[in-house]
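# Summary of structural features
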Amino acid sequence: MTVERAAELLSTARRAVALTGAGVSAESGIPTFRGEGGLWAKYDPVKVSSIDTFLADPASYWRVSRDRGRVALAAKPNPGHLALAELEAAGRLVALITQNTDGLHQDSGSKRVIELHGSGRKVVCLDCGRVEPRSEVQERLDVEMPPRCRQCGGTRLKPTVVLFGEPMPAAAVQEAFELARNADVILVVGSSLVVYPAAEVPLVALRAGARMIVVNAEPTPFDRFAHVVIHGRSGEVLPHLAALTGG
Ligand code: NAD
Ligand code: ZN
């Protein structure tokens, strides 16, 4: 059985690291970009969520972000997030690298979380630098479009996420690749593995000799490099995996 094999790898690992993508939050009701039910079917996220679109017309960005933010702020961790937190608490995972910006890993109790694409829980004013919680900006969106900065009145309030066309946070990228270079197991969950440089993380781990476990609803381009591939829902597979490792 593949889950048993994955549990065996994790049980004997000493520096196992997880990499998660949008799929791990799908069962919390947050749509993925790609895959079944993904947002790509509705619109082109590269266009809507690009820094150029944002700077040219913040309101057009916020009109889409308003609805996504409402869903993300109301979302709760699902059994997949909780199993990953349990694996860390049990010493089976040393860290979790995520492409997600929803904050659900932290909510579920994961401690060492490296956010490669920033956090959607905060908003920064590009004019004066003031940072405020996304929840406060969210409340204003129905009466103010685009939202204005409470300090300087500017209209360039941007969630602290990495938009397409923006550089990734250097410290997070460095930490992620360092973890990958030292990993003996890399557990990839809910990622289509087509967004770079995040998709480079498992490749670096593999090159350094790590074993790779992939848990994803659909096949990924890296399945052929994996030692264990489990096609299934993370909210079902991960609790089973955690239970088998004694996590
Ligand atoms: P993606 O949307 O490209 O791919 C998601 C993958 O998850 C797909 O391959 C899909 O088959 C799989 N999946 C769907 N439901 C699943 C489930 N229940 N269990 C396991 N797998 C499931 O996601 P990505 O690779 O993370 O890249 C998309 C980019 O979009 C990232 O850069 C991320 O920052 C951003 N994003 C974040 C969120 C979030 O924070 N929750 C949501 C959407 C997109
Ligand atoms: Zn300001």
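Residues numbered from 1 in each chain as written. Chains lettered and ligands numbered in written order. Predicted model: local features only at pLDDT ≥ 70, side-chain atom pairs only at ≥ 80, totals over all residues. Heavy atoms only, no water.

Helix H10 (residues 234-244) packs onto helix H5 (residues 79-89) with a crossing angle of 25° between their chain directions and a minimal axis gap of 7 Å. With respect to each other, H5 and H10 are oriented roughly parallel. The crossing of H5 and H10 is left-handed. Judged by residue contacts, Pro79, Gly80, Ala83, Leu84, Glu86 and Leu87 of H5 engage Ser234, Gly235, Leu238, Pro239 and Ala242 from H10. (Axes fitted to C-alpha atoms, helices over the stretch in contact; angles between N-to-C directions. Helix = DSSP H or I, 4+ residues; strand = E, 2+ residues; numbered from the N terminus. Parallel < 35°, antiparallel > 145°, perpendicular 65-115°, else oblique. Left-handed = near helix turned anticlockwise from the far one by under 90°. Contact = heavy atoms within 4.5 Å.)

Turning our attention to the sheet that holds strand E5 (residues 131-133). Taken together, three strands build an open sheet; the order of strands is E5-E4-E6 and the sheet is antiparallel. Two strands lie at the open edges of the sheet, namely E5 and strand E6 (157-161), each paired on one side alone. When strand polarity is set aside, the average angle formed by the axes of neighbouring strands in this sheet is 40°. Inspection of the sheet shows strand E4 (residues 118-125) paired to E5 by three bridges, in the antiparallel sense. (Pairing = 2+ DSSP bridges.)

Turning next to the domain arrangement of the chain. Here the chain is partitioned into domain 1 (1-30 + 77-117 + 168-247) and domain 2 (32-74 + 122-161). In this structure, domain 1 and domain 2 have C-alpha centres spaced 27 Å apart. Tallying the contact residues gives 11 residues for domain 1 and eight residues for domain 2. Summed over both sides, the interface of domain 1 with domain 2 buries roughly 690 Å², with 63% coming from carbon and sulfur. Run the count over domain 1 and domain 2 and you get zero salt bridges. In this assembly, domain 1 and domain 2 are joined by zero residue pairs in polar contact (both at pLDDT 80 or more). Taken together, the residues of the side of domain 1 that touches domain 2 break down into five nonpolar, five polar and one charged. (Domains from an automatic or database assignment. Buried area = accessible area lost by both parts, 1.4 Å probe. Salt bridge = Lys/Arg side-chain N within 4 Å of Asp/Glu carboxyl O. Polar contact = N/O pair within 3.5 Å; in protein donor to acceptor, adjacent residues only side chain to side chain. Nonpolar A, V, L, I, M, F, W, Y, C, P; charged D, E, K, R; others polar.)

What follows deals with the site of ligand 1. Lining the immediate environment of ligand 1, one finds 27 residues, of which Arg34, Gln99, His117, Ser192 and Glu218 sit closest. The contact in question runs from an oxygen atom of ligand 1 to an N or O atom on the side chain of serine 191, over 2.9 Å. Computed on the free molecule, ligand 1 has an accessible area of 850 Å², of which 94% lies beneath the protein chains in the complex. Looking at the shell around ligand 1 residue by residue, the class counts come to seven nonpolar, 14 polar and six charged. Both domains that furnish three or more residues to the shell around ligand 1 are identified here as domain 1 (1-30 + 77-117 + 168-247) and domain 2 (32-74 + 122-161). (Near = heavy atom within 4 Å. Areas by Shrake-Rupley, 256 points an atom, 1.4 Å probe, with all protein chains shown as cover.)

Before going further, it helps to examine the environment of glutamate 166. For glutamate 166, the location among the structural elements is in the loop between E6 and helix H8 (170-182). Considering only alpha carbons, one finds glutamate 166 and isoleucine 51, 115 residues apart in sequence, at a separation of 6.5 Å. When residues no more than four places from it in sequence are discounted, the contact partners of glutamate 166 are Ile51, Lys158 and Val161. Here lysine 158 takes part through its side chain, which lies 3.1 Å from a polar atom of the side chain of glutamate 166. Within polar-contact distance, the side chain of glutamate 166 engages the backbone nitrogen of leucine 163 at 2.7 Å.

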